[in-house]
Amino acid sequence: MIFTEKNISNDVNTYLSKNNFSSIFILIDENTKQDCLPLLKLDFTYKIIEIKSGEEHKTLETCQFIWKTLLENNADRKSLLINLGGGVICDMGGFCASTYKRGIDFINIPTTLLALVDASVGSKTGIDFQAQKNMIGIFSEASEIFINTQFLKTLTTRELLSGFAEVLKHGLIYEEKYFNDCITSYLDKTIDWKDVVKKSIKIKSSIVEKDPKENGLRKILNYGHTFGHAFESYSLQFHKKSLLHGEAVVLGIICSLHLSEKYIFIKEEKINEIITKIQAIYKFINIEDFNLNKLFNFVMNDKKNISNKLNYIILREIGNPIFDFEVTKNDFEDSLLFLNKKVFKND
Ligand SMILES: NC(=O)c1ccc[n+]([C@@H]2O[C@H](COP(=O)([O-])OP(=O)(O)OC[C@H]3O[C@@H](n4cnc5c(N)ncnc54)[C@H](O)[C@@H]3O)[C@@H](O)[C@H]2O)c1
Ligand SMILES: [Zn+2]
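The shown structure was predicted, so the numbers you read here are calculated from the model rather than taken from an experiment.

Within the secondary structure layout, Asn 134 lies in strand S7 (residues 132-139). Taking the C-alpha atoms as reference points, Asn 134 and Phe 44, separated by 90 residues in sequence, lie 33 Å from one another. A polar side-chain atom of Asn 134 sits 2.7 Å from a polar atom in the side chain of Lys 58.

This paragraph deals with the state of the cysteines. As enumerated under the stated definition, the model contains zero disulfides in all. No disulfide involves Cys 36; its nearest neighbouring cysteine sulfur is the one of Cys 90, lying 11 Å away. For Cys 36, a relative accessible area of 4% puts it in the buried group.

When four donors bind a metal tetrahedrally, each ideal donor-metal-donor angle is 109.5 degrees, and when six bind octahedrally, the ideal angles are 90 or 180 degrees. Within the protein, the atoms that donate to the zinc ion (ligand 2) are Glu 166 (OE), His 225 (NE2) and His 245 (NE2), at distances of 1.9 to 2.1 Å. Coordination of the zinc ion (ligand 2) draws on donor residues from a single chain, spaced E-x58-H-x19-H in sequence. On the criterion of sequence distance, the pair formed by Glu 166 in helix H6 (residues 157-174) and His 225 in helix H9 (residues 225-238) is long-range, its members being 59 residues apart. One exposure class covers both Glu 166 and His 225, and it is buried.

So, about a nonpolar patch on the surface. On the surface, Leu 60, Phe 129 and Ile 136 cluster together to form a nonpolar patch covering roughly 210 Å² of accessible area. Tracing the backbone shows Ile 136 in strand S7. Residue class for Ile 136 comes out partly exposed when judged on its relative accessible area of 33%.

A few words now on the site of ligand 1. Residues in contact with ligand 1 amount to 27 residues; listed here are only the nearest, Glu 55, Lys 58, Thr 112, Lys 133 and Thr 154. Measuring from an oxygen atom of ligand 1, one finds a backbone N or O atom of Val 88 at 3.0 Å. Within the side chain of Lys 204, one N or O atom sits 3.3 Å away from an oxygen atom of ligand 1. Bound to the protein, ligand 1 loses 91% of the 870 Å² it would expose on its own. If you list the elements that add at least two residues to the shell around ligand 1, you get helix H2 (30-35), helix H4 (87-99), helix H5 (113-119), S7 and H6. Classifying every residue of the shell around ligand 1 by side-chain character gives six nonpolar, ten polar and eleven charged.

Let us look at the packing of helix H3 (residues 60-72) against H4. Packing of H3 against H4 brings their axes to within 10 Å, and their N-to-C directions diverge by 55°. Compared by their axis directions, H3 and H4 come out oblique. In this structure, the crossing between H3 and H4 has a hand that is right-handed. Between H3, through Thr 62, Cys 63, Ile 66 and Trp 67, and H4, the contact on the second element is made entirely by Met 92, Phe 95, Cys 96 and Thr 99.

So, on to the pairing of strand S3 (residues 47-51). Judged from the five bridges that link them, strand S2 (residues 24-29) and S3 form a sheet pairing that is parallel. Counterpart to Leu 27 in the pairing with S3 is Ile 49. Read from S2 through H2 to S3, the crossover connection turns out right-handed.

Rules behind the numbers
Residues numbered from 1 in each chain as written. Chains lettered and ligands numbered in written order. Predicted model: local features only at pLDDT ≥ 70, side-chain atom pairs only at ≥ 80, totals over all residues. Heavy atoms only, no water. Helix = DSSP H or I, 4+ residues; strand = E, 2+ residues; numbered from the N terminus. Polar contact = N/O pair within 3.5 Å; in protein donor to acceptor, adjacent residues only side chain to side chain. Disulfide = S-S within 2.5 Å. Buried < 20%, exposed > 50% of the residue type's maximum accessible area, 1.4 Å probe, protein only. Donors = N, O, S within 2.8 Å, 3.2 Å for Na, K, Ca; no water. Patch = residues over 30% accessible without salt bridge, like charges linked within 9 Å, V, L, I, M, F, W, Y side chains within 5 Å. Areas by Shrake-Rupley, 256 points an atom, 1.4 Å probe, with all protein chains shown as cover. Salt bridge = Lys/Arg side-chain N within 4 Å of Asp/Glu carboxyl O. Near = heavy atom within 4 Å. Nonpolar A, V, L, I, M, F, W, Y, C, P; charged D, E, K, R; others polar. Axes fitted to C-alpha atoms, helices over the stretch in contact; angles between N-to-C directions. Parallel < 35°, antiparallel > 145°, perpendicular 65-115°, else oblique. Left-handed = near helix turned anticlockwise from the far one by under 90°. Contact = heavy atoms within 4.5 Å. Pairing = 2+ DSSP bridges. Right-handed = clockwise from strand over helix to strand, strands pointing away.

Dropping the structure here:
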């Protein structure tokens, strides 16, 4: 991983000149084409592969387009794919590169907060399938990751806050002070994204290093995601205006916090204090109706469940998560009722 705040073009050019790639491809969407590609001035010739932005395009059809473009342009096993974009581009580009001709090199240049602190790091690549999040994919490590927060300047607040959900998750599972500092500095408008990105990558990397293939400890990085992915998948399929990944994760985190209270790990006042802090930032999340049974089907399809058991990550205290905690359908329903009351103020 290269932290390259000063001059990303120089650093990427140096990397390219050290490696003898037969051809170079850059995967972008219409937004990263406009806002990010101009910041990357390469001394090498490359071919652009442009896809449409958005989670709804993280599909097999888009992969086919990417593989087809690689093939038509004679990409061989010494070619390189540069993923210039958010989590969708990094996840799908990594997957396409890792499967094309049994695998070519790819590098990640994350351009959203979410991709900087989370999606570009840790070797998970993949796509959605049959309306289920990240159903098809493989662990595959990027040859290099270039970290530069300049890209955040053009990101919308909604997208920035979607990524911030993963940062807050890092605080909740790892260090309460980090969670509190992030909330306070964001609200004070003193937040330094360089520091946040560094710290969050450090937290994520330290966990991934200990358990790269998610046999145990790494599961804690999925905090809030069992419910979160269900909200996200459901919303993608049924809502007119879909939730963003991080927005769905925020809802998932609130549901998970409720279970810490229900199982008497954390006191109600503490849970309320944390949720109030989260709500100070995420005032705007507004969801259309969710059908409980349909939502529950998404929860049961979560990759983290083995043999139909509902495995869950729950906080024993802030910064101290437990994984493979078994919960019931009733817990799940309770959490949704709690969410409804707490966030949406419906009784
Ligand atoms: N692999 C992992 O470990 C991992 C971890 C977390 C999330 N994810 C995945 O990441 C995805 C979400 O990532 P995301 O939030 O980055 O979404 P995204 O890739 O869809 O990007 C969000 C939007 O921002 C635009 N954009 C990107 N960079 C920009 C910039 N610098 N300026 C202006 N606009 C820009 C994109 O075009 C897109 O419209 C989900 O699919 C999620 O499953 C993967
Ligand atoms: Zn996530």
